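Take a look at the letters that make up each chain.
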Amino acid sequence: MASTSSASVSPDTLCIDQPDDWHLHFRDGDMLAMTVPATARVFKRAIVMPNLAPPVTTVAQAEAYRQRILANVPSGIEFEPLMALYLTQDTTAQDVREAAQNPNIIGYKLYPAGATTNSSAGVRAVDAMGPVLETMQEFGVPLLVHGEVTEPEIDIFDREKVFIDRYLAPITERYGRLKVILEHITTKDAVDFVTSAHDLVAATLTPQHILMNRNDLLVGGVHVHNYCLPVLKRRTHQEALQQAAISGNRKFFLGTDSAPHVQAKKETACGCAGCFSAFTAIELYAEAFAQLDALDKLEGFASHFGADFYGRPRNTQKLVLQRTEWQAPETVTHNGETWVPYWAGKSLQWQVRV
Ligand code: NCD
Ligand code: ZN
């Protein structure tokens, strides 16, 4: 599908409608004073993932969490957190109806139990969720999906494809009016599935899955700060993701999956999954699109297609990026703790003009 673009690209500046981040992790407590401003500096809206401990399962919890986030938005900045609720095996149709009435709730996030960080309270039997999915379809509540099976016999590099075949394809066939977003896709299989599924099926793409493949995780040592879930795949998959991102197909849009874990929890024998990209997020996408000679496609992907898909207005403010070489921060410190962000210390060719 072709997109109309209002973006202006000159050799040294790129002016786009303000983007949104349709998938990220802010965490909670003191960390919000770091994570919220990092995202709000660039993005107008963000979908905030509910995998706190304990998870955000109720409208009341989401509202309280939203207020804590809003309390950390720097003054003078407009920022709208959109809350995802955590789907559990015990979520009821009545819960869904309540969620549908709250405009700050964007949908339910399905984590297969054990698939990723703080997912132990997730769904253990997807097949038993029929009545809940039925109600979500009826009330127009989107289903956001972490698309990986967790059976130990399934190879970790196949977990996304097997999830699509076993669960997602049947769900999208059965619920033709349910909005489904396959989050942080990592394979050509996911690109092909989303492309050929019905119009209410979409996907988010992270910077790390567009910019990297599994060599960046494993060649020359284990690069823990490139470790996230779903794990980086082989280069052919990366290339399919790149083509999807720059295709102008409205089913593919920006979701950073920025997911901070303190340095000590990444650089250890059993490191946590998650790439912390918020401080350089739009610049990382610009880097990727520039490498692919497709900067003119950034605006649709970053600023239009997600809003259109979720039925929200497009942003009216502009964001200007300028071509200038700079280095992503090596570390970020806050309240005596240290994080090593994704792309730490590496150069970037585009920077937001403030
Ligand atoms: C995320 C996190 O740390 O919360 N980690 C990750 O590797 N992406 C969870 C998730 O989105 O899977
Ligand atoms: Zn995530």
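All residue numbers here refer to positions counted from 1 along the written sequence of the relevant chain. Working convention: letters from A go to chains and numbers from 1 go to ligands, in the order in which they are written. Selection of residues for local features in this predicted model requires a pLDDT of at least 70, selection of side-chain atom pairs for listing and counting requires 80 or more, and totals for whole chains, interfaces and linings are taken over all residues. The side-chain numbers reported here are obtained from all heavy atoms of the structure, hydrogens and water having been left aside.

Looking at an unreviewed UniProt entry, one finds the protein chain named Dihydroorotase and attributed to Aliidiomarina shirensis. UniProt positions are given in the numbering used here, feature names are shortened, and annotations may be inferred rather than shown by experiment. Per UniProt, the protein chain carries the Pathway (unreviewed entry) text "Pyrimidine metabolism; UMP biosynthesis via de novo pathway; (S)-dihydroorotate from bicarbonate: step 3/3."

Draft legend 1. Main features of the UniProt feature "binding site: Zn(2+) 1" (unreviewed entry) in the protein chain. The UniProt record marks His23, His25, Lys109 and Asp257 with the feature "binding site: Zn(2+) 1" (unreviewed entry), using the residue numbering of this structure. Look at the named residues: they lie 235 residues apart in sequence, but the longest C-alpha span between them is just 13.2 Å, so in the fold they bunch up. Strands here mean DSSP runs of E at least two residues long; helices mean DSSP runs of H or I at least four residues long; both are numbered from the N terminus. Relative to the helices and strands, His23 resides in strand S3 (residues 21–24). Residue His23 is classed as buried on the basis of its relative accessible area, which comes to 1%. The residue Lys109 is located in strand S6 (residues 105–110) in this model. With sequence-adjacent residues up to four places away left out, Lys109 is seen in contact with His23, Met49, Pro50, Ala84, Leu85, Tyr86, Leu87, Leu144, Val145, His146 and Glu183. Residue burial is assigned from relative accessible area. The probe radius is 1.4 Å, only protein chains are included, and a residue is buried under 20% of its type maximum, exposed over 50%, and partly exposed in between. Whether two residues touch is decided by their heavy atoms; if any such pair falls within 4.5 Å, the residues are in contact.

Draft legend 2. Spatial organisation of the sheet that holds S6. Whether two strands pair comes down to DSSP finding at least two bridges between them. Here eight strands make up an open sheet; going across it, the order is S3-S4-S5-S6-S7-S8-S9-S10 and the pairing parallel. On the outer flanks of this sheet lie S3 and strand S10 (252–254), each paired with one strand and no other. Mean inter-strand twist for the sheet, computed between neighbouring axes without regard to direction, equals 30°. As paired strands, strand S5 (residues 80–86) and S6 are joined by four bridges and run parallel to one another. By the bridge assignment, Met83 is partnered in S6 with Ile105. Working convention: axes come from line fits to C-alpha atoms, limited for helices to the stretch in contact. Angles between N-to-C directions cover 0 to 180 degrees. Contacts between helix H12 (residues 298–310) and the sheet are confined to S3, strand S4 (45–48), S6, strand S7 (143–145), strand S8 (180–182), strand S9 (201–205) and S10, with S10 contributing the most and set at about 115° to the helix.

Draft legend 3. Focus on the side chain of Gln137. Here Gln137 shows up in helix H4 (residues 130–139). Excluding its chain neighbours within four sequence positions, the residues that come into contact with Gln137 are Tyr175, Gly176, Arg177 and Leu178.

Draft legend 4. Inspection of the packing of aromatic side chains at higher detail. Stacked, tilted and edge-to-face are the three classes assigned to paired rings of Phe, Tyr and Trp, where Trp is represented by its six-membered ring and a pair needs centres within 6.5 Å; plane angles under 30 degrees give stacked, over 60 edge-to-face, the rest tilted. Tallying each qualifying case throughout the model produces 12 aromatic pairs. Plain terms: the ring middles of Phe289 and Phe301 are 5.3 Å apart, the flat faces sit at 45° to each other, and that makes the pair tilted. Highlighted residues: Phe289 in helix H11 (residues 281–291) and Phe301 in helix H12, separated in sequence by 12 residues. In this structure, Phe289 and Phe301 share a single accessibility class: buried. Geometrically, the ring pair formed by Phe309 and Tyr310 is edge-to-face, given 5.7 Å between the ring centres and 90° between the ring planes. Residue Tyr310 is classed as buried on the basis of its relative accessible area, which comes to 7%.

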